[in-house]
Amino acid sequence: MENSSSQLSIKNIYTKPKITDLELINIIGIRVENKSKTSGLIQYLNKNFPLEARDIDFIKRIKTIGSDTYCVLYPLLNIDDDTDENTNLQRWISNVFQSSDDELLTKENHVFKTILECSDHQQAEKILKLFKIPKYGPKLKYQWKEWNTQYWPLKTVNLYETELQLAKLDPKAELNVNSHDEKSVETCTKLVIDSFEKSKRVSGLFFNPQTKTIVKSSIHDELFLDESKNSFFSPYYSETEGTLSNLGKFKCSLRHCAVVGVDVIAQYCIETIEKLPPNTPSTEIPYLCKGLDLFISHEPCCMCAMALLHSRIRRIYFVHECGNNFGGLINKVNQEYCVHENSKLNHHFDVYQVSLN
Ligand SMILES: [Zn+2]
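The shown structure was predicted, so the numbers you read here are calculated from the model rather than taken from an experiment. (Residues numbered from 1 in each chain as written. Predicted model: local features only at pLDDT ≥ 70, side-chain atom pairs only at ≥ 80, totals over all residues. Heavy atoms only, no water.)

A. Broad picture of the overall build of the protein chain. Across its full length, the protein chain holds ten helices and eleven strands. Going through the 357 residues of the protein chain one by one, you find that 44% of them count as buried. Put simply, of all contacts in the protein chain between residues at least 6 apart along the chain, 63% involve residues at least 24 apart. Accessible area of the protein chain: about 19600 Å², with a carbon and sulfur share of 50%. (Helix = DSSP H or I, 4+ residues; strand = E, 2+ residues; numbered from the N terminus. Buried < 20%, exposed > 50% of the residue type's maximum accessible area, 1.4 Å probe, protein only. Contact = heavy atoms within 4.5 Å. Areas by Shrake-Rupley, 256 points an atom, 1.4 Å probe, with all protein chains shown as cover.)

Here it is as C-alpha coordinates:
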(Lines give C-alpha, C1' and ligand atoms only; values in the text may rest on other atoms or scores of the structure.)
Protein backbone atom coordinates (compact mmCIF):
# COMPACT_ATOMS: atom_id res chain seq x y z
CA MET A 1 0.00 0.00 0.00
CA GLU A 2 3.00 2.28 0.25
CA ASN A 3 4.31 4.13 -2.68
CA SER A 4 7.92 5.13 -2.29
CA SER A 5 10.43 6.94 -4.39
CA SER A 6 13.86 7.90 -3.11
CA GLN A 7 12.44 10.32 -0.53
CA LEU A 8 8.71 10.43 -0.67
CA SER A 9 6.44 7.96 1.10
CA ILE A 10 2.67 8.06 0.63
CA LYS A 11 0.46 5.97 2.87
CA ASN A 12 -3.24 5.58 2.25
CA ILE A 13 -5.33 6.28 5.35
CA TYR A 14 -8.34 3.99 5.43
CA THR A 15 -10.12 1.68 7.79
CA LYS A 16 -8.82 -1.83 7.47
CA PRO A 17 -11.69 -4.22 6.90
CA LYS A 18 -12.08 -7.15 9.23
CA ILE A 19 -10.83 -10.09 7.26
CA THR A 20 -12.13 -13.36 8.58
CA ASP A 21 -9.47 -15.96 9.23
CA LEU A 22 -9.90 -19.41 7.81
CA GLU A 23 -12.39 -21.45 9.80
CA LEU A 24 -13.44 -24.90 8.60
CA ILE A 25 -16.69 -26.82 8.77
CA ASN A 26 -17.58 -30.34 7.68
CA ILE A 27 -19.75 -30.97 4.69
CA ILE A 28 -21.15 -34.22 3.35
CA GLY A 29 -20.13 -35.05 -0.19
CA ILE A 30 -21.62 -37.75 -2.34
CA ARG A 31 -19.65 -39.54 -5.02
CA VAL A 32 -21.41 -39.17 -8.33
CA GLU A 33 -21.80 -42.70 -9.65
CA ASN A 34 -23.34 -41.90 -12.99
CA LYS A 35 -21.61 -38.78 -14.29
CA SER A 36 -24.18 -38.26 -17.04
CA LYS A 37 -26.66 -37.45 -14.26
CA THR A 38 -24.44 -34.82 -12.59
CA SER A 39 -26.31 -31.74 -13.78
CA GLY A 40 -29.64 -33.30 -12.83
CA LEU A 41 -28.29 -34.05 -9.38
CA ILE A 42 -27.03 -30.48 -8.96
CA GLN A 43 -30.42 -29.06 -9.97
CA TYR A 44 -32.16 -31.38 -7.53
CA LEU A 45 -29.81 -30.43 -4.70
CA ASN A 46 -30.00 -26.70 -5.43
CA LYS A 47 -33.77 -26.99 -5.10
CA ASN A 48 -33.84 -29.13 -1.97
CA PHE A 49 -30.66 -28.06 -0.20
CA PRO A 50 -29.82 -24.58 -1.44
CA LEU A 51 -26.32 -23.52 -0.37
CA GLU A 52 -27.58 -19.95 0.19
CA ALA A 53 -29.77 -21.23 3.00
CA ARG A 54 -26.61 -22.42 4.77
CA ASP A 55 -24.65 -19.23 3.98
CA ILE A 56 -22.14 -21.20 1.96
CA ASP A 57 -23.16 -20.22 -1.55
CA PHE A 58 -19.53 -19.19 -2.17
CA ILE A 59 -18.62 -22.85 -2.73
CA LYS A 60 -19.19 -24.80 -5.92
CA ARG A 61 -21.17 -28.04 -5.77
CA ILE A 62 -18.67 -30.28 -7.53
CA LYS A 63 -15.08 -31.32 -6.88
CA THR A 64 -13.10 -33.81 -8.90
CA ILE A 65 -10.64 -35.94 -7.00
CA GLY A 66 -8.66 -38.20 -9.32
CA SER A 67 -11.23 -40.05 -11.35
CA ASP A 68 -14.03 -39.43 -8.81
CA THR A 69 -16.48 -36.60 -8.80
CA TYR A 70 -17.97 -35.47 -5.51
CA CYS A 71 -21.01 -33.30 -5.06
CA VAL A 72 -21.72 -31.54 -1.75
CA LEU A 73 -25.02 -32.03 0.02
CA TYR A 74 -25.03 -29.92 3.16
CA PRO A 75 -22.83 -29.17 6.17
CA LEU A 76 -22.74 -31.66 8.97
CA LEU A 77 -22.83 -29.43 12.02
CA ASN A 78 -22.74 -30.24 15.72
CA ILE A 79 -20.39 -33.13 15.20
CA ASP A 80 -18.18 -34.43 17.94
CA ASP A 81 -14.75 -32.98 17.33
CA ASP A 82 -13.06 -35.63 19.45
CA THR A 83 -14.34 -38.37 17.20
CA ASP A 84 -12.74 -39.02 13.83
CA GLU A 85 -14.53 -37.99 10.67
CA ASN A 86 -15.45 -41.48 9.54
CA THR A 87 -17.13 -42.34 12.81
CA ASN A 88 -19.04 -39.09 12.70
CA LEU A 89 -20.18 -39.81 9.19
CA GLN A 90 -21.17 -43.37 10.08
CA ARG A 91 -23.22 -42.14 13.02
CA TRP A 92 -25.02 -39.70 10.82
CA ILE A 93 -25.72 -42.33 8.16
CA SER A 94 -27.06 -44.77 10.76
CA ASN A 95 -29.39 -42.01 11.91
CA VAL A 96 -30.72 -41.52 8.42
CA PHE A 97 -31.31 -45.23 7.95
CA GLN A 98 -32.47 -45.89 11.48
CA SER A 99 -36.10 -45.81 10.60
CA SER A 100 -37.48 -47.96 7.86
CA ASP A 101 -40.76 -46.13 8.06
CA ASP A 102 -40.59 -43.21 5.62
CA GLU A 103 -43.30 -41.38 7.54
CA LEU A 104 -40.96 -40.96 10.46
CA LEU A 105 -38.08 -39.62 8.42
CA THR A 106 -37.43 -35.93 8.31
CA LYS A 107 -37.81 -34.31 4.95
CA GLU A 108 -34.02 -33.99 4.68
CA ASN A 109 -33.40 -37.62 5.40
CA HIS A 110 -36.14 -38.64 3.04
CA VAL A 111 -34.60 -36.65 0.23
CA PHE A 112 -31.27 -38.13 1.12
CA LYS A 113 -32.44 -41.67 0.78
CA THR A 114 -33.82 -40.79 -2.61
CA ILE A 115 -30.55 -39.28 -3.76
CA LEU A 116 -28.51 -42.11 -2.41
CA GLU A 117 -30.71 -44.69 -4.03
CA CYS A 118 -29.22 -46.98 -1.43
CA SER A 119 -31.15 -49.56 0.44
CA ASP A 120 -28.89 -49.67 3.46
CA HIS A 121 -26.22 -47.72 5.25
CA GLN A 122 -23.31 -49.96 4.20
CA GLN A 123 -23.97 -48.92 0.63
CA ALA A 124 -24.28 -45.27 1.66
CA GLU A 125 -20.96 -45.34 3.49
CA LYS A 126 -19.21 -46.28 0.28
CA ILE A 127 -20.34 -43.21 -1.61
CA LEU A 128 -20.44 -40.58 1.14
CA LYS A 129 -17.44 -38.70 2.43
CA LEU A 130 -16.89 -35.79 4.79
CA PHE A 131 -15.01 -32.78 3.47
CA LYS A 132 -13.75 -29.66 5.09
CA ILE A 133 -14.79 -26.36 3.55
CA PRO A 134 -14.26 -22.75 4.71
CA LYS A 135 -17.05 -21.53 6.95
CA TYR A 136 -16.89 -18.00 5.51
CA GLY A 137 -16.27 -16.97 1.94
CA PRO A 138 -12.93 -15.49 0.89
CA LYS A 139 -12.80 -11.70 0.59
CA LEU A 140 -9.36 -11.25 -0.91
CA LYS A 141 -7.93 -12.94 -3.97
CA TYR A 142 -5.06 -14.53 -2.08
CA GLN A 143 -7.53 -16.18 0.30
CA TRP A 144 -9.49 -17.50 -2.64
CA LYS A 145 -6.34 -18.96 -4.21
CA GLU A 146 -5.28 -20.72 -1.01
CA TRP A 147 -8.67 -22.02 0.02
CA ASN A 148 -9.74 -22.97 -3.47
CA THR A 149 -6.68 -25.18 -3.94
CA GLN A 150 -6.51 -26.60 -0.44
CA TYR A 151 -10.14 -27.27 0.37
CA TRP A 152 -12.96 -26.99 -2.07
CA PRO A 153 -13.61 -25.17 -5.38
CA LEU A 154 -14.89 -21.68 -4.57
CA LYS A 155 -16.63 -19.07 -6.66
CA THR A 156 -14.79 -15.87 -7.52
CA VAL A 157 -17.55 -13.37 -6.79
CA ASN A 158 -16.82 -10.18 -4.82
CA LEU A 159 -13.11 -10.73 -4.47
CA TYR A 160 -10.73 -7.84 -3.94
CA GLU A 161 -7.05 -7.58 -4.67
CA THR A 162 -6.28 -5.40 -1.65
CA GLU A 163 -7.67 -4.50 1.75
CA LEU A 164 -8.11 -0.96 0.51
CA GLN A 165 -10.42 -2.06 -2.28
CA LEU A 166 -12.35 -4.17 0.15
CA ALA A 167 -12.56 -1.31 2.67
CA LYS A 168 -13.96 0.96 -0.01
CA LEU A 169 -15.78 -1.77 -1.92
CA ASP A 170 -14.35 -0.05 -4.93
CA PRO A 171 -12.42 -1.98 -7.55
CA LYS A 172 -10.70 1.24 -8.59
CA ALA A 173 -9.45 2.15 -5.13
CA GLU A 174 -6.02 0.74 -5.86
CA LEU A 175 -5.76 2.86 -8.99
CA ASN A 176 -6.17 5.97 -6.87
CA VAL A 177 -3.42 4.77 -4.56
CA ASN A 178 -1.04 4.52 -7.44
CA SER A 179 -1.91 7.67 -9.32
CA HIS A 180 -0.09 10.37 -7.45
CA ASP A 181 1.64 13.22 -9.15
CA GLU A 182 4.72 12.43 -7.08
CA LYS A 183 6.70 15.46 -8.10
CA SER A 184 3.95 17.85 -7.06
CA VAL A 185 3.23 15.86 -3.89
CA GLU A 186 6.88 16.14 -2.96
CA THR A 187 7.05 19.88 -3.67
CA CYS A 188 3.87 20.67 -1.75
CA THR A 189 4.81 18.42 1.18
CA LYS A 190 8.19 20.12 1.44
CA LEU A 191 6.53 23.55 1.47
CA VAL A 192 4.18 22.71 4.34
CA ILE A 193 6.92 20.99 6.36
CA ASP A 194 9.27 23.97 5.94
CA SER A 195 6.52 26.38 6.86
CA PHE A 196 5.60 24.39 9.96
CA GLU A 197 9.22 24.16 11.07
CA LYS A 198 9.69 27.90 10.65
CA SER A 199 6.41 29.08 12.19
CA LYS A 200 5.64 26.18 14.55
CA ARG A 201 2.06 26.58 13.36
CA VAL A 202 0.01 24.18 11.31
CA SER A 203 0.64 25.00 7.69
CA GLY A 204 -1.34 24.07 4.64
CA LEU A 205 -1.84 24.79 0.98
CA PHE A 206 -4.34 23.89 -1.71
CA PHE A 207 -3.13 22.35 -4.92
CA ASN A 208 -5.04 22.21 -8.18
CA PRO A 209 -4.07 18.88 -9.81
CA GLN A 210 -5.55 19.91 -13.15
CA THR A 211 -3.49 23.04 -13.60
CA LYS A 212 -0.68 21.65 -11.41
CA THR A 213 -0.54 24.92 -9.50
CA ILE A 214 -0.80 25.97 -5.90
CA VAL A 215 -3.93 28.04 -5.30
CA LYS A 216 -3.16 31.66 -4.46
CA SER A 217 -5.43 34.54 -3.65
CA SER A 218 -4.82 38.25 -3.58
CA ILE A 219 -5.05 38.53 0.19
CA HIS A 220 -3.27 35.38 1.30
CA ASP A 221 -0.16 33.67 0.31
CA GLU A 222 -0.44 29.98 -0.55
CA LEU A 223 0.41 28.87 2.98
CA PHE A 224 -2.25 29.32 5.60
CA LEU A 225 -0.16 30.57 8.44
CA ASP A 226 -2.57 33.18 9.66
CA GLU A 227 -4.16 30.86 12.18
CA SER A 228 -1.41 32.06 14.50
CA LYS A 229 -2.33 35.72 13.88
CA ASN A 230 -5.96 35.01 14.61
CA SER A 231 -5.27 33.49 17.99
CA PHE A 232 -6.34 29.99 17.67
CA PHE A 233 -6.80 26.92 19.67
CA SER A 234 -5.18 24.01 18.00
CA PRO A 235 -5.16 20.44 19.25
CA TYR A 236 -2.01 19.77 17.35
CA TYR A 237 0.53 21.03 19.80
CA SER A 238 1.89 19.92 23.09
CA GLU A 239 -0.22 18.06 25.60
CA THR A 240 0.04 20.96 28.02
CA GLU A 241 -0.58 23.89 25.74
CA GLY A 242 -3.46 22.87 23.56
CA THR A 243 -6.00 21.67 26.07
CA LEU A 244 -9.58 22.68 26.63
CA SER A 245 -8.72 24.22 30.00
CA ASN A 246 -6.78 27.10 28.48
CA LEU A 247 -9.19 27.54 25.59
CA GLY A 248 -10.43 30.80 27.09
CA LYS A 249 -7.06 32.47 26.50
CA PHE A 250 -7.68 32.52 22.80
CA LYS A 251 -9.85 34.95 20.95
CA CYS A 252 -11.16 32.39 18.52
CA SER A 253 -10.92 28.72 19.07
CA LEU A 254 -12.09 27.74 15.65
CA ARG A 255 -9.54 29.33 13.37
CA HIS A 256 -7.69 26.15 12.60
CA CYS A 257 -5.48 26.07 9.57
CA ALA A 258 -7.91 24.11 7.39
CA VAL A 259 -10.86 26.34 8.32
CA VAL A 260 -8.81 29.42 7.47
CA GLY A 261 -7.90 27.62 4.28
CA VAL A 262 -11.52 27.01 3.29
CA ASP A 263 -12.17 30.74 3.86
CA VAL A 264 -9.28 31.59 1.58
CA ILE A 265 -10.64 29.27 -1.07
CA ALA A 266 -14.13 30.76 -0.77
CA GLN A 267 -12.61 34.22 -1.33
CA TYR A 268 -10.63 32.83 -4.25
CA CYS A 269 -13.82 31.39 -5.78
CA ILE A 270 -15.63 34.74 -5.49
CA GLU A 271 -12.72 36.51 -7.21
CA THR A 272 -12.62 33.91 -9.97
CA ILE A 273 -16.39 33.90 -10.54
CA GLU A 274 -16.43 37.73 -10.81
CA LYS A 275 -14.00 37.49 -13.70
CA LEU A 276 -15.95 34.80 -15.58
CA PRO A 277 -18.02 35.75 -18.66
CA PRO A 278 -21.78 35.81 -17.93
CA ASN A 279 -22.75 32.61 -19.76
CA THR A 280 -20.03 30.36 -18.36
CA PRO A 281 -21.40 26.80 -18.04
CA SER A 282 -22.06 25.78 -14.45
CA THR A 283 -19.49 22.98 -14.69
CA GLU A 284 -16.75 25.59 -15.10
CA ILE A 285 -17.78 27.68 -12.10
CA PRO A 286 -15.54 26.83 -9.15
CA TYR A 287 -17.21 25.50 -6.00
CA LEU A 288 -15.12 25.80 -2.85
CA CYS A 289 -12.54 22.97 -2.66
CA LYS A 290 -14.07 20.81 -5.38
CA GLY A 291 -11.26 19.28 -7.42
CA LEU A 292 -8.56 20.58 -5.07
CA ASP A 293 -6.07 18.71 -2.90
CA LEU A 294 -5.10 19.98 0.54
CA PHE A 295 -1.53 19.56 1.71
CA ILE A 296 -1.29 20.18 5.42
CA SER A 297 1.41 19.69 8.02
CA HIS A 298 -1.01 17.99 10.45
CA GLU A 299 -3.96 15.65 10.20
CA PRO A 300 -7.09 17.83 10.33
CA CYS A 301 -9.17 17.55 13.48
CA CYS A 302 -12.77 16.32 13.18
CA MET A 303 -14.13 19.86 12.87
CA CYS A 304 -11.71 20.72 10.07
CA ALA A 305 -12.27 17.38 8.38
CA MET A 306 -15.99 18.08 8.27
CA ALA A 307 -15.40 21.61 6.95
CA LEU A 308 -13.26 20.13 4.19
CA LEU A 309 -15.86 17.49 3.48
CA HIS A 310 -18.60 20.12 3.14
CA SER A 311 -16.40 22.12 0.81
CA ARG A 312 -15.97 19.00 -1.38
CA ILE A 313 -12.23 18.50 -1.05
CA ARG A 314 -10.70 16.02 -3.53
CA ARG A 315 -7.83 14.63 -1.43
CA ILE A 316 -5.94 15.40 1.74
CA TYR A 317 -2.23 14.81 2.20
CA PHE A 318 -0.98 15.36 5.74
CA VAL A 319 2.40 14.86 7.40
CA HIS A 320 1.92 14.50 11.16
CA GLU A 321 -0.76 12.59 12.93
CA CYS A 322 -3.09 14.76 15.02
CA GLY A 323 -2.36 14.33 18.72
CA ASN A 324 -4.68 14.27 21.73
CA ASN A 325 -7.27 12.11 19.96
CA PHE A 326 -8.64 15.07 18.00
CA GLY A 327 -7.86 13.69 14.56
CA GLY A 328 -10.75 13.42 12.15
CA LEU A 329 -9.28 10.93 9.72
CA ILE A 330 -7.10 8.18 11.16
CA ASN A 331 -9.06 5.28 12.57
CA LYS A 332 -8.16 4.78 16.22
CA VAL A 333 -9.61 2.66 18.94
CA ASN A 334 -12.42 4.54 20.75
CA GLN A 335 -12.25 7.36 18.25
CA GLU A 336 -13.49 6.49 14.85
CA TYR A 337 -14.47 9.67 13.05
CA CYS A 338 -12.86 8.66 9.75
CA VAL A 339 -14.85 11.47 8.23
CA HIS A 340 -13.56 10.83 4.71
CA GLU A 341 -15.02 7.34 4.49
CA ASN A 342 -18.16 7.65 6.59
CA SER A 343 -20.94 6.08 4.53
CA LYS A 344 -23.56 8.25 6.22
CA LEU A 345 -21.99 11.43 4.85
CA ASN A 346 -22.57 12.64 1.33
CA HIS A 347 -18.99 13.16 0.16
CA HIS A 348 -16.01 10.84 0.35
CA PHE A 349 -12.39 11.50 -0.40
CA ASP A 350 -8.98 9.89 -0.21
CA VAL A 351 -6.53 10.72 2.54
CA TYR A 352 -2.80 10.09 2.58
CA GLN A 353 -0.06 10.48 5.15
CA VAL A 354 3.10 11.67 3.48
CA SER A 355 6.67 11.81 4.65
CA LEU A 356 9.97 12.93 3.16
CA ASN A 357 12.95 10.95 4.34
ZN1 LIG B 1 -9.07 21.65 13.18
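B. Up close: the coordination of the zinc ion. Each protein donor to the zinc ion is listed here as H256 (ND1), C301 (SG) and C304 (SG); together their distances run 1.9 to 2.2 Å. Here the donor residues of the zinc ion are spaced in sequence according to H-x44-C-x2-C. Taken together, the residues span a long stretch of sequence, with H256 in the loop between β8 (213–214) and α9 (257–275) and C304 in helix α10 (residues 302–310) at a distance of 48 residues. (Donors = N, O, S within 2.8 Å, 3.2 Å for Na, K, Ca; no water.)

C. Expanded view of unusual backbone geometry. Notably, N158 is not glycine yet its phi reads approximately 50°, a positive angle. Counting through the fold element by element, N158 comes out in the loop between α5 (141–150) and α6 (163–168). Here the phi dihedral of C338 falls at roughly 40°; this positive angle occurs in a residue that is not glycine. One can find C338 in the loop between β10 (315–320) and β11 (350–356). Judged by relative accessible area, which is 6%, C338 ranks as buried.

D. Structural detail: the packing of α9 against α10. For the pair α9 and α10, interaxial distance at closest approach is 8 Å and the crossing angle is 20°. It follows that α9 is roughly parallel to α10 by the angle criterion. Once α9 is placed against α10, the crossing between them reads as left-handed. Taking contact as the criterion, the partners of A258, V259 and V262 in α9 are, on α10, M303, C304, A307 and L308. Of the residues contributing to the contact of α9 with α10, the split by class is seven nonpolar, no polar and no charged. (Axes fitted to C-alpha atoms, helices over the stretch in contact; angles between N-to-C directions. Parallel < 35°, antiparallel > 145°, perpendicular 65-115°, else oblique. Left-handed = near helix turned anticlockwise from the far one by under 90°. Nonpolar A, V, L, I, M, F, W, Y, C, P; charged D, E, K, R; others polar.)

E. Just the sheet that holds strand β5 (residues 68–75), in detail. Overall, antiparallel pairing links the four strands, which are arranged β4-β5-β3-β6 in an open sheet. Among the strands making up the open sheet, the edge pair consists of β4 (62–65) and β6 (128–134). Averaged over all pairs of adjacent strands, the angle between their axes in this sheet comes to 40°, without regard to strand direction. Helix α1 (residues 38–48) contacts β3 (24–31), β4 and β5 of the sheet and is inclined by roughly 5° relative to β5. (Pairing = 2+ DSSP bridges.)

F. Layout of the environment of P134. If you trace the backbone, P134 turns up in strand β6. With 109 residues separating them along the chain, P134 and I25 place their C-alpha atoms 6.2 Å apart. Sequence-distant contacts of P134, defined by excluding residues within four places in its chain, comprise L22, E23, L24, I25, F58, W147, Y151 and L154.

G. Layout of the pairing of β3. Counting buried residues in β3 gives six out of eight residues, a clear majority hidden from the surface. Across four bridges, the pairing between β3 and β5 is antiparallel. By the bridge assignment for β5, I27 is matched with P75.

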